[in-house]
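# Per-entry structural report
Here is what each chain is made of, one letter per residue.
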Amino acid sequence: MDETNRAWAALEAAPRAALTALFAREPGRLGALSLDEGGIRFDFSKTHLDAGLVAGFAALARHQDLAGARDALFAGNIVNPTEGRAAEHSAERGQGAPESVARASALHARMRALIDAIEAEAFGPIRHVIHIGIGGSALGPDFLIDALGRGSDRYEAAIVSNVDAAALEEAVAGFDPQTTLLVIASKTFTTSETMLNARSAIAWLEDGGVEDPYGRIVALTAAPDKAIEFGIDETRVLPFSESVGGRYSLWSAIGFPAALALGWEAFEQLLEGAAAMDRHFRLAPLERNAPVLAAFVDRYYANIRGAETRAVFAYDERLRLLPSYLQQLEMESDGKSVKLDGSPVGRATAPITWGGVGTDAQHAVFQLLHQGTHLVPVEFVAAIEPGHSYDEEHHRQLLINCFAQGAALMAGKASDDPHRSYPGDRPSTTILLDRIDPPTLGALLAFYEHRTFANAVLLGINPFDQYGVELGKEMAKSIDGGGMDFDPSTEALIEKALGGLDE
Ligand code: F6P
């Protein structure tokens, strides 16, 4: 048995105790398992981690050379070997190889210059922005604008990702083509949904009497040549580095609509908040490192307790898109079955991330969390400051509900009536933000990125490729192209819905 397997075996053999018993016997538990970083309280004390498990996972992390992997990430070394690339999202916030940081900051300067020009009405009186992109080219800006742009009198932005044109139709409904800027975001500039939506949005501009619709487009891409070939002038093509992965790209040119909608200063603060979390991840000891401790929690439940999912509940309307953002970040990154060397990973990798918003979820899915047969580690994300000017009782009730759920999941309640009995001992993590502002959200999202990376290192997998999404794309192309035989079920569906295919 090698060192890594020995570390896993020790973790599997570690004694188990109920959460309430852990609190009773460890007076320093709260202090040891909670920490404040970047305006955020991370409280892992209602999970089953204890001093022994933290030491066990730290040993695993050493055998997996987490420190070395982390250094390689920030040094801009090739940490994505299957694609032969570095993963340089942190360079976008000034943390990385000097030449990568310089390149990112030059590209940010271009982005800023274009925003200045738009603000100076170089493209006419722009009021609306339609951002077309999908996956990592949409989820980050969508989340940021929804979280931070409420009540802003700057640009009104709509994010369109679904190839179902009902999404585009809804987005353009309130917009005037004469005052709308079109943003086409695609790392590869080949994604079929984005290209089709882009063409339809250009037609909408044309139909709306815009004389030079291509002059109204900004492209965000790591393939600038393709955007230029598409017909967009180079001055409105904002490139970003090939080594910034799609789901890690909101810090790059992909953040353009957020920078436009929120203002450049806010975007810079976002980057600064993320940089502070980068420094924490790089420098804090493993036992006091928020992303690393969170990864220990993830691995504990997925690998030692067999949890197949993890649930994230945003106890704040402004964070309602966080679960969707995290689904791509975590599942596209760590939803793998083989290790870096191609051999089977041999243990569970990413759990299924799901979630919703509190308090709505309490009245829908929490029944299963409290009394169901599945073990689901829950994550509560809340903010101390409210995002509205209504009676503060709303926010008080929101936070009270959030904290009550965590307490109830842990404590449970015995009853002679089995239907009214709550087993308790159900784990949760609480992530409490001082406020929802650009630096704090920057720190929060960087925390999730590094947590995802730390999980991958503990498992020995590559979090930066996504070959799993390719097969479906190929099949769609084959169906579209016709002339190919599919299984009887698929053939019948094609026949019924599309009247067969052109041969
Ligand atoms: O199909 C998955 C994916 O490649 C994601 O990784 C990516 O974020 C998304 O598609 C969009 O890709 P692009 O930015 O190249 O259009």
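Definitions and limits used
- Residues numbered from 1 in each chain as written.
- Predicted model: local features only at pLDDT ≥ 70, side-chain atom pairs only at ≥ 80, totals over all residues.
- Heavy atoms only, no water.
- Near = heavy atom within 4 Å.
- Polar contact = N/O pair within 3.5 Å; in protein donor to acceptor, adjacent residues only side chain to side chain.
- 1 Å grid on protein atoms, 1.4 Å probe; cavity = no way out; pocket = protein on both sides within 12 Å on 5 of 7 lines; lining within 4 Å.
- Sits in = over half its atoms within 2 Å of the grid points.
- Nonpolar A, V, L, I, M, F, W, Y, C, P; charged D, E, K, R; others polar.
- Points joined across faces, edges and corners; volume = space filled by probe spheres on them.
- Helix = DSSP H or I, 4+ residues; strand = E, 2+ residues; numbered from the N terminus.
- Phe/Tyr/Trp six-rings, centres within 6.5 Å; stacked < 30°, edge-to-face > 60°.
- Buried < 20%, exposed > 50% of the residue type's maximum accessible area, 1.4 Å probe, protein only.
- Lys NZ or Arg CZ within 6 Å of the ring centre and 35° of its normal.
- Arc of directions from axis to C-beta.
- Contact = heavy atoms within 4.5 Å.
- Domains from an automatic or database assignment.
- Pairing = 2+ DSSP bridges.
- Right-handed = clockwise from strand over helix to strand, strands pointing away.
- Axes fitted to C-alpha atoms, helices over the stretch in contact; angles between N-to-C directions.
- Parallel < 35°, antiparallel > 145°, perpendicular 65-115°, else oblique.
- Left-handed = near helix turned anticlockwise from the far one by under 90°.

Next up on the list: the site of the ligand. Around the ligand sit 13 residues in total, of which Ser137, Ser186, Thr188, Thr191 and Glu332 are the nearest. One of the side-chain N or O atoms of Ser186 is found 2.6 Å from an oxygen atom in the ligand. In this structure, Glu332 approaches the ligand through a side-chain N or O atom, which is 2.7 Å from an oxygen atom. A molecule is said to occupy a pocket when more than half its atoms come within 2 Å of that pocket's grid points, and by this definition the ligand occupies the largest pocket. Here the residues of the shell around the ligand are counted per class, giving 2 nonpolar, 8 polar and 3 charged.

Before going further, it helps to examine the layout of surface pockets. Quantified by volume, the largest pocket comes out at close to 1200 Å³. Of all the secondary-structure elements, those providing two or more residues to the lining of the largest pocket are α9 (192-207), α14 (322-334) and α18 (470-481). The dominant element in the lining of the largest pocket, judged by the number of residues it contributes, is α18, at 6 residues. Considering only residue class, the lining of the largest pocket consists of 15 nonpolar, 16 polar and 12 charged.

One pass over the structure, following the stated rule, counts 17 aromatic pairs. Here Phe453 and Phe464 contribute two aromatic rings whose centre-to-centre distance is 6.0 Å and whose plane-to-plane angle is 25°, an arrangement assigned as stacked. You can see Phe453 sitting in helix α17 (residues 438-459) and its partner Phe464 sitting in the loop between α17 and α18, a full 11 residues away along the chain. Summarising the burial analysis for this pair, Phe453 and Phe464 share the class buried. Pairwise contacts between aromatic rings join Phe74, Tyr248, Phe281, Phe453 and Phe464 into one cluster. Directly above the aromatic system of Phe23 lies the positively charged group of Arg29, at a separation of 5.2 Å from the ring centroid. Between the NZ or CZ atom of Arg282 and the centre of the ring of Phe74, over which it lies, the distance is 5.6 Å.

With that out of the way, let us pick up helix α1 (residues 3-13). Helical geometry: 3.6 residues make up each α-helical turn, so side chains three or four residues apart lie on a common side. Listed as buried for α1 are Thr4, Ala7, Trp8 and Leu11. Considered in projection along α1, the buried side chains sweep an arc of 100° and stay on one side of the axis. On its buried face, α1 sits against α4 (51-63), α13 (290-304) and α17. For α1, the N-terminal capping position is held by Asp2, with its side-chain oxygen 3.2 Å away from the main-chain nitrogen of Thr4.

Segmentation of the protein chain into domains returns domain 1 (3-82 + 272-381 + 417-465), domain 2 (97-262) and domain 3 (468-498). Inter-centroid distance (C-alpha atoms) of domain 1 to domain 3 is 38 Å.

Turning to the pairing of strand β9 (residues 352-357), a few remarks are in order. Pairing of strand β8 (residues 309-315) with β9, which is carried by 6 bridges, proceeds in the parallel orientation. Counterpart to Thr309 in the pairing with β9 is Ile352. Note that the unit made of β8, α14 and β9 has a crossover that is right-handed.

A sheet is described by the order of its strands in space; here 5 strands give the open sequence β4-β3-β5-β6-β7, paired in parallel fashion. Two strands lie at the open edges of the sheet, namely β4 (156-160) and β7 (237-239), each paired on one side alone. Direction aside, neighbouring strands of the sheet carry axes that sit 20° apart on average. In terms of strand pairing, strand β6 (residues 217-221) meets β7 through 3 bridges, oriented parallel. Looking at β7, one finds that Leu220 is bridged to Leu238. Helix α8 (residues 165-173) rests against β3 (128-132) and β4 of the sheet, and its axis sits at about 175° to β4.

Turning our attention to the packing of α13 against α17. Interhelical geometry of α13 versus α17 gives an angle of 50° and a closest axis separation of 8 Å. In terms of orientation, α13 and α17 fall into the oblique class. Judged by the sense of rotation from one axis to the other, the crossing of α13 with α17 is right-handed. In contact with Ala290, Pro291, Ala294, Ala295, Phe296, Asp298, Arg299 and Asn303 of α13, α17 contributes Phe447, His450, Arg451, Ala454, Asn455, Leu458 and Leu459.

Our focus in this paragraph is unusual backbone geometry. For residues that are not glycine, phi is negative in most cases, and the peptide bond is trans in most cases. Thr359 follows Gly358 through a cis peptide bond whose omega is 10°. Looking at the element boundaries, Thr359 is found in the loop between β9 and α15 (366-371). One non-glycine residue with positive phi stands out, namely Asp65, at about 50°. Checked against the element boundaries, Asp65 lands in the loop between α4 and α5 (66-75). Residue classification places Asp65 among the partly exposed positions, given a relative accessible area of 45%. One non-glycine residue, Phe189, adopts positive backbone phi at about 55°. Since its relative accessible area comes to 5%, Phe189 is described here as buried.

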